[in-house]
There are 2 protein chains.
Amino acid sequence: METAEHARAAHSHQRAKKAIKARYRSAAPQGEGPWNDTIAHMLEHRSVRAYKSDALPDGALERIVAAAQSAATSSNMQTWSVVAVADPERKARLAKIAGNQKHILQCPVLLVWIADHSRIRALGESAGAPVEGLDYFESFLVAAVDTALAAQNAVVAAESLGLGAVYIGALRNNPEAVAAELALPRGAAAMFGLCLGYADPAGASDVKPRLPQTSVFHCEQYDPGRTTSEALAAYDADMQAFQSEQGMAPAPWTTTALARFRNAQSLNGRDRLKAAFRALGFAMK
Amino acid sequence: METAEHARAAHSHQRAKKAIKARYRSAAPQGEGPWNDTIAHMLEHRSVRAYKSDALPDGALERIVAAAQSAATSSNMQTWSVVAVADPERKARLAKIAGNQKHILQCPVLLVWIADHSRIRALGESAGAPVEGLDYFESFLVAAVDTALAAQNAVVAAESLGLGAVYIGALRNNPEAVAAELALPRGAAAMFGLCLGYADPAGASDVKPRLPQTSVFHCEQYDPGRTTSEALAAYDADMQAFQSEQGMAPAPWTTTALARFRNAQSLNGRDRLKAAFRALGFAMK
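Here we summarise the structure given alongside this text. (Residues numbered from 1 in each chain as written. Chains lettered and ligands numbered in written order. Predicted model: local features only at pLDDT ≥ 70, side-chain atom pairs only at ≥ 80, totals over all residues. Heavy atoms only, no water.)

**Considering the sheet that holds strand β4 (residues 188-197) of chain A**
Line of reasoning, step 1. Read from one edge to the other, the open sheet built from five strands follows the order β3(A)-β4(A)-β2(A)-β1(A)-β5(B), with strand pairing classed as mixed. With one partner strand each, in any of the chains shown, β3 (164-168) of chain A together with β5 (217-219) of chain B form the two edges of the open sheet. When strand polarity is set aside, the average angle formed by the axes of neighbouring strands in this sheet is 25°.
Line of reasoning, step 2. Bridge analysis of β3(A) against β4(A) gives five bridges, and the strand direction is antiparallel. The residue of β4(A) that forms the bridge with Ala165(A) is Leu196(A).
Line of reasoning, step 3. Strand contacts of helix α3 (residues 60-69) of chain A: β1 (80-85), β2 (109-116) and β4 of chain A together with β5 of chain B, with the helix running at about 160° to β1(A), the strand carrying the most contacts. (Pairing = 2+ DSSP bridges. Helix = DSSP H or I, 4+ residues; strand = E, 2+ residues; numbered from the N terminus. Axes fitted to C-alpha atoms, helices over the stretch in contact; angles between N-to-C directions. Contact = heavy atoms within 4.5 Å.)

Below, the structure is given as structure tokens:
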């Protein structure tokens, strides 16, 4: 006799197979593995670029930030902060910086994630202690990585609550303007934004296929031979099929990648990012 | 009459209050908020620095990497890779680079997370197409951030399977030696390692307190005034209480932070990180 437990396990197994298939398409690994709802949620992630206007539930942002603060942070230095922007006019100004992405206007809240040396700079000033170590590239990287770890915990937490999210890298188009808009102190710079809200089902997208696991996952040593031209051709075909299904113009991934990194102009103004971050107080020696 | 559903909800609520209290101690926010097991898992995170020798379950690494690949990635460029190191001698050599951290020897597998432009460099070479955009700091940052987003999904997935994890930033003590050990191609560099395995209960640590949420979480604009000297003093006291409970020498957080960033020497050799990454193929213009 089938118990509720058996039914749940069978459902979970089917969900696993479906999620793996959506993520890898023709390159889906055949092996079995452990599975649970947390992993299912993560595998089913898709970026949400169409939002309903509904507000977040009371206390949700505080829980999401608590999850973010629970991510690991190098030596517990916590060199990041987050600014929640809900004011429509401020969101509109930030959207303009970010190439007029309409989902920034739609979503009820935009979180802006900040690499933040300013707390420790302020400590140094008030203690009369040198903090010259902050001027090195390593200390910038610690802040950038810790910001990203925190933000990704926020995404997982938000999605577990039924919310949708999308990262906004285009805030780096003009870091000085973002810093002025958010009144950031010296030694703080926006790494990226994150739209949060309930997805508008009318604008829903599907799980985007990724490169075969063999291409990114290596054993003992890196083997460039695992990214074969056959594997890339199959991925190009999978991506084009996905784009057609979504009503987007199909383009091979390899073509898109080469266009994205062709030259300084293809970076949409971000070829001056280093100068911008230096102006905001990251010397990056 | 109390149903099983009610009992579960009550248990979940208690777990929420306990997790928030452990994470924030004297600064624990009093408000209510939504809650589920995924968020509970994240709030209960602690870094694991003592491992049993047991191997991971079959297929677990493949699921963990699938979760990592499901994280957002800028323009779907997927400029990261991961190398799983299980060979005891290779782990020992990497542990030596990372200041002889014994948990690298103990854990059954060390994942090394790689910012990886090499796939797109190889594409450019085979297509005879320029990829000059990769030479800019922005393109390094995209790879570093995407590597961190992927790794954090891996941590959440691993912890949801009952595994423990700890990041190893000290692989950046000598990026060239790590690259040689892992046979990394040009345009690839280790950002950090990640030990995975079953925690040894004998070496268990508790949830580490973080700064008050008011200090890192801002509304509409950044307000440095939210990090008051009273808040920092309370956090120093909470951290010292935590360290005493763990049998560690108590030190105020503010003192530790100032020591960590005092000068170039306090970075443990990582003051040369920029030169190291440049030598590995990231021009960072």
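**A few points about the relation of the copies chain A and chain B**
Line of reasoning, step 1. With an RMSD of 0.0 Å, the fit of chain A onto chain B corresponds to turning through 180° and sliding 0.0 Å along the axis. When the rotation and shift are considered jointly, the pair of chain copies conforms to a two-fold rotation axis. (Least-squares fit on C-alpha atoms with pLDDT ≥ 70 in both.)

**A short note on the pairing of β1(A)**
Line of reasoning, step 1. Counting buried positions along β1(A) yields six of six residues, so the element is predominantly enclosed.
Line of reasoning, step 2. Alternating residues of β1(A) divide into Trp80(A), Val82(A) and Ala84(A) and Ser81(A), Val83(A) and Val85(A), and every residue in both groups is buried.
Line of reasoning, step 3. With six bridges joining them, β1(A) and β2(A) adopt antiparallel strand pairing. The residue bridging Ala84(A) from the neighbouring strand is Leu111(A), located in β2(A).
Line of reasoning, step 4. By the bridge criterion, three bridges tie β1(A) to β5(B) in an arrangement that is parallel. Note that in β5(B) the partner of Val82(A) across the bridge is Phe217(B). (Buried < 20%, exposed > 50% of the residue type's maximum accessible area, 1.4 Å probe, protein only.)

**Considerations on the nonpolar core**
Line of reasoning, step 1. If you look at the biggest cluster of nonpolar residues, it comprises 184 residues, and the most contacted ones within it are Trp113(A) and Trp113(B).
Line of reasoning, step 2. Ranked by size, the runner-up nonpolar core spans 18 residues in total, among them Ile120(A), Leu123(A), Met239(B) and Phe242(B). (Core = buried A, V, L, I, M, F, W, Y, C linked by side-chain atoms within 4.5 Å.)

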